[in-house]
Protein chains: 4
Amino acid sequence: MGVLPRECFVHFIKQDYHYLKYYARAYGLLLAKSRSYAMITSAASTIQNVLREVSTMHKVFCKEWSITSEELESSPESPATTAYGAYLLDVGLHGDDSKLLVALAACLLGYGEVGLWIKAEAAAEDTWVTLEGNPYLRWIEDYSGRDYQNAVKQGIEILEEIVIKDPPSTLRLAQFKEVWNKCTSLEKGFWDMALTLT
Amino acid sequence: MGVLPRECFVHFIKQDYHYLKYYARAYGLLLAKSRSYAMITSAASTIQNVLREVSTMHKVFCKEWSITSEELESSPESPATTAYGAYLLDVGLHGDDSKLLVALAACLLGYGEVGLWIKAEAAAEDTWVTLEGNPYLRWIEDYSGRDYQNAVKQGIEILEEIVIKDPPSTLRLAQFKEVWNKCTSLEKGFWDMALTLT
Amino acid sequence: MGVLPRECFVHFIKQDYHYLKYYARAYGLLLAKSRSYAMITSAASTIQNVLREVSTMHKVFCKEWSITSEELESSPESPATTAYGAYLLDVGLHGDDSKLLVALAACLLGYGEVGLWIKAEAAAEDTWVTLEGNPYLRWIEDYSGRDYQNAVKQGIEILEEIVIKDPPSTLRLAQFKEVWNKCTSLEKGFWDMALTLT
Amino acid sequence: MGVLPRECFVHFIKQDYHYLKYYARAYGLLLAKSRSYAMITSAASTIQNVLREVSTMHKVFCKEWSITSEELESSPESPATTAYGAYLLDVGLHGDDSKLLVALAACLLGYGEVGLWIKAEAAAEDTWVTLEGNPYLRWIEDYSGRDYQNAVKQGIEILEEIVIKDPPSTLRLAQFKEVWNKCTSLEKGFWDMALTLT
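Residues numbered from 1 in each chain as written. Chains lettered and ligands numbered in written order. Predicted model: local features only at pLDDT ≥ 70, side-chain atom pairs only at ≥ 80, totals over all residues. Heavy atoms only, no water.

The name an unreviewed UniProt entry gives chain A is Heme oxygenase-like protein, with Rickenella mellea as the organism.

Structure (structure tokens):
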């Protein structure tokens, strides 16, 4: 029904552009923290994915929604964006690679869930979601699509491998959960920021 | 006239407790970035000041306002606190020691200004500030007091020395200003957070 | 005339394998320190080049010289390798992106010079260098070749752009020189390590 | 019997002066990685100890051995010093606080052992160590003395607390051992450097 006001989505896209810079930088930090060529290669490949997400997906949105790249670059960063982005870097600064991977996974998995959830809602009876003619269809398709869902799957596999190879102690698991909870809470703040245009 | 609600001040103190942890850690990062024993010693001495601020000033406030140390420790961190604190660490991660000193100075100098300003307001005719019996008098005295004002003076001197020894290019100066503006904006967000209990 | 003993070259390749891990990680740190998507993209692209250098060039050398990948992975790291590699990360930790780029350029440009120099020596009259049948020809061709020389050219251009956009003060220039001198000295130590098998 | 040549000791003191800068900076990094005020306070206190070690102990040695502070400051850093010092920072960059504490403990405990060992050797029958009139007596007394041995004891207790609160997995323990072995090996390189004046 297109109830999401255009300016909310535009604000979201602008802040997402700032956020993804932190996200790519956090993967750069993960690469700097890596102990093997396999880990370095994996981090480098994710960085390429993020850059592709910015240069293709965002460019399409900006074109569709008439956001110039100057606007994108010069729009001030919201505190919710700074909080989430800089927190990722903080985890990378104070923790090890595993803890940083947990922080990075929260965002990766969250968007995957949102994409699938909207698609599932749209398929439900008496749904509130109309895909046909939906101005945000491309966004929904991207995050529910095969490429992104594969990235999610890979992200989960890497986490699974880590906890199998290096089973966390009770304390470490509690720290991982704390990071996860903080990230999801900052993620919620990010969505709220878009809706309230703050 | 005591118009500041008690819960705002209590919220502020709790968040300041979290913030000062980031602040001390950012000085730890400055120490790690130092190139001489003189700089290391200076950073180490500021860290001791911050720890003293937490262990004395905060303890007094908490006792006066019946905040237990468990409450202090367990109160959730506001997004405005995360944004400001983690941004300091980000500057320390991406920039050099001078840039980090600029970021750290914004907070140091700001509180010094606020302390002096309230004292000046209280001394004005028909003032809105009543110091006598003011429940927040101790806070005002601390930040307008000699010890804190000396720390401010030292902070300014360090910055002055830096720009004399290493005159910033136009670009670098613009970057310093950007950091300063971002910090003061995040600082404003911190005060707003206390007033809106967010 | 093939006077370089086989074991020196093998030792060099093994240590270079360890060193390039530091080198890629230092570029990861540069990426984490980047302020724009252009810089992030540039760092990400260099990381891909380094990974390609490791996975192709090194694999070829190892095959030619019968070094198994287990040997490569398990050979202990020489102190000269640790010194050079960890110093790059230290520059990235304590300085800004420009300073780190200076450190990274020393290695990039040095190998380019060595490659060209050997080729020039080989072309001289009464030369001490015989390219025909030279067991190390592939190495010489790689570092004097177009791909690597293009990377060198790009590295120089990035440095030139930086000093034009952000002209260093006398102090900063002195610090850049200090980093450069330290890197070339550690580089010399790396070559010596290969020759003395230490 | 005073067989250690004066220039070896002087070289050692000069390099130790450079090394302790890395050591203090690594504790600054540990402080930046700390999650609680207790850990911050502990790291800050160790930094003060290191600065005291430099400003008192080293000053005494330098006076006794006629090393001016200009000489101390300007003596070039040996590769063995860079390797050990920058490796500490690398551990702090890539690992978490526990791993960095392991790296820092290797040096702390090692010097404590050396101090006690020389004292024990001196007390043995037919000993090779003469304490009376020994030009290096002050050094031996310092590292075998109560203050330093207390610091060692505290360092061990912190490690013990960590492994009790956060029992390392098999992989993590192997990583701790790897750090420990690397540090002791770099420490050995540091002693060798002093003896060979490299």
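Peer 1: So what exactly am I meant to see when it comes to the packing of aromatic side chains here?
Peer 2: How two aromatic rings sit relative to each other is given by the distance of their centres and the angle of their planes. Applying the stated criterion across every chain, the model contains 84 aromatic pairs over all chains. Geometrically, the ring pair formed by Trp139(A) and Tyr143(A) is tilted, given 4.5 Å between the ring centres and 45° between the ring planes. Here Tyr143(A) and Trp139(A) lie together in helix α6 (residues 137–144), a separation of four residues that amounts to about one turn. The same class applies to Trp139(A) and to Tyr143(A), which are both buried. Sitting above the plane of the Tyr87(B) ring, Lys182(B) keeps its charged end 5.3 Å from the centroid. (Phe/Tyr/Trp six-rings, centres within 6.5 Å; stacked < 30°, edge-to-face > 60°. Helix = DSSP H or I, 4+ residues; strand = E, 2+ residues; numbered from the N terminus. Buried < 20%, exposed > 50% of the residue type's maximum accessible area, 1.4 Å probe, protein only. Lys NZ or Arg CZ within 6 Å of the ring centre and 35° of its normal.)

Peer 1: Any chance you could explain the relation of the copies chain D and chain A here in plain terms?
Peer 2: Comparison of the two chain copies shows a relationship of rotation about an axis with a shift along it. Superposing chain D onto chain A requires a rotation of 180° together with a translation of 0.0 Å along the rotation axis, leaving an RMSD of 0.0 Å. The transformation relating the two chain copies, once decomposed into turn and shift, fits a two-fold axis. For chain D, the smallest separation between a C-alpha atom and the rotation axis is recorded for Asp96(D), amounting to 2.3 Å. The residues that chain D uses at the interface reappear at the interface of chain A in 100% of cases, marking a shared surface. (Least-squares fit on C-alpha atoms with pLDDT ≥ 70 in both. Contact = heavy atoms within 4.5 Å.)

Peer 1: Which parts of the structure should I look at to understand the confidence of the model for chain A?
Peer 2: Caution applies to low-pLDDT parts of the model: their predicted coordinates are not meant to be read in detail. Confidence along chain A averages 94 in pLDDT terms, with 99% of residues attaining 70 or more. Taken element by element, chain A is modelled with least confidence in helix α3 (residues 69–74) of chain A, mean pLDDT 89, and with most confidence in helix α4 (residues 79–94) of chain A, mean pLDDT 98. (pLDDT = per-residue confidence, 0-100.)

Peer 1: Can you help me understand the interface of chain A and chain C in this one?
Peer 2: By convention, interface size is frequently given as the accessible area that disappears when the constituent parts associate. Across the boundary between the two partners, chain A contributes 21 residues, which contact 20 residues of chain C. When the area that chain A buries against chain C is broken down by residue, the three leading residues are Lys21(A), Arg25(A) and Tyr37(A), summing to 36%. Between chain A and chain C we count zero salt bridges in total. Here chain A and chain C share ten residue pairs in polar contact (both at pLDDT 80 or more) between them. Among the secondary structure elements, those contributing two or more residues to the side of chain A that touches chain C are α1 (6–32) and α2 (37–64) of chain A. Here the residues of the side of chain A that touches chain C are counted per class, giving twelve nonpolar, six polar and three charged. (Buried area = accessible area lost by both parts, 1.4 Å probe. Salt bridge = Lys/Arg side-chain N within 4 Å of Asp/Glu carboxyl O. Polar contact = N/O pair within 3.5 Å; in protein donor to acceptor, adjacent residues only side chain to side chain. Nonpolar A, V, L, I, M, F, W, Y, C, P; charged D, E, K, R; others polar.)

Peer 1: Just checking my understanding: could you explain helix α4 (residues 79–94) of chain D for this structure?
Peer 2: Helical geometry: 3.6 residues make up each α-helical turn, so side chains three or four residues apart lie on a common side. Along its 16 residues, α4(D) runs 22 Å from first to last C-alpha, staying within 8% of the 22 Å computed at 1.5 Å per residue. Buried residues dominate α4(D), accounting for 15 of its 16 residues. (Expected span 1.5 Å × (residues − 1).)

Peer 1: What is the right way to read the interface of chain D and chain A from this model?
Peer 2: At the junction of the two partners, chain D supplies 16 residues and chain A supplies 16 residues. Buried surface at the junction of chain D and chain A, both sides included, amounts to about 1,400 Å², of which 51% is carbon and sulfur. It is Arg35(D), Leu93(D) and His94(D) that lose the most area in chain D upon contact with chain A, and together they represent 35% of the buried surface on that side. The tally of links from chain D across to chain A stands at two salt bridges. Two residues, Arg172(D) and Asp96(A), come together in a salt bridge whose shortest N-O distance is 3.6 Å. Residue assignment for the side of chain D that touches chain A shows that the elements contributing at least two residues are α4, α5 (97–123) and α8 (170–196) of chain D. The leading source of residues in the side of chain D that touches chain A is α4(D), at three residues. Along the lines of polarity and charge, the residues of the side of chain D that touches chain A split into four nonpolar, three polar and nine charged.

Peer 1: Could you clarify how one ought to interpret the state of the cysteines in this entry?
Peer 2: Two cysteines, two sulfur atoms, one covalent bond between them: this is a disulfide. Residue and element names in this part refer to chain A. On inspection of all chains with the given rule, the structure shows zero disulfides over all chains. The cysteine Cys8 is free of any disulfide, with Cys62 supplying the nearest cysteine sulfur at 16 Å. Relative accessible area serves as the criterion here: at 5%, Cys8 is assigned to the buried category. (Disulfide = S-S within 2.5 Å.)

Peer 1: So what exactly am I meant to see when it comes to unusual backbone geometry here?
Peer 2: Note on backbone geometry: most residues besides glycine have negative phi, and most peptide bonds are trans. Residue and element names in this part refer to chain B. Positive phi, close to 55°, is recorded for Ser66, a residue that is not glycine. For Ser66, the position within the fold is in the loop between α2 (37–64) and α3 (69–74). Positive phi, normally seen in glycine, also occurs at Leu197, with a value near 55°.

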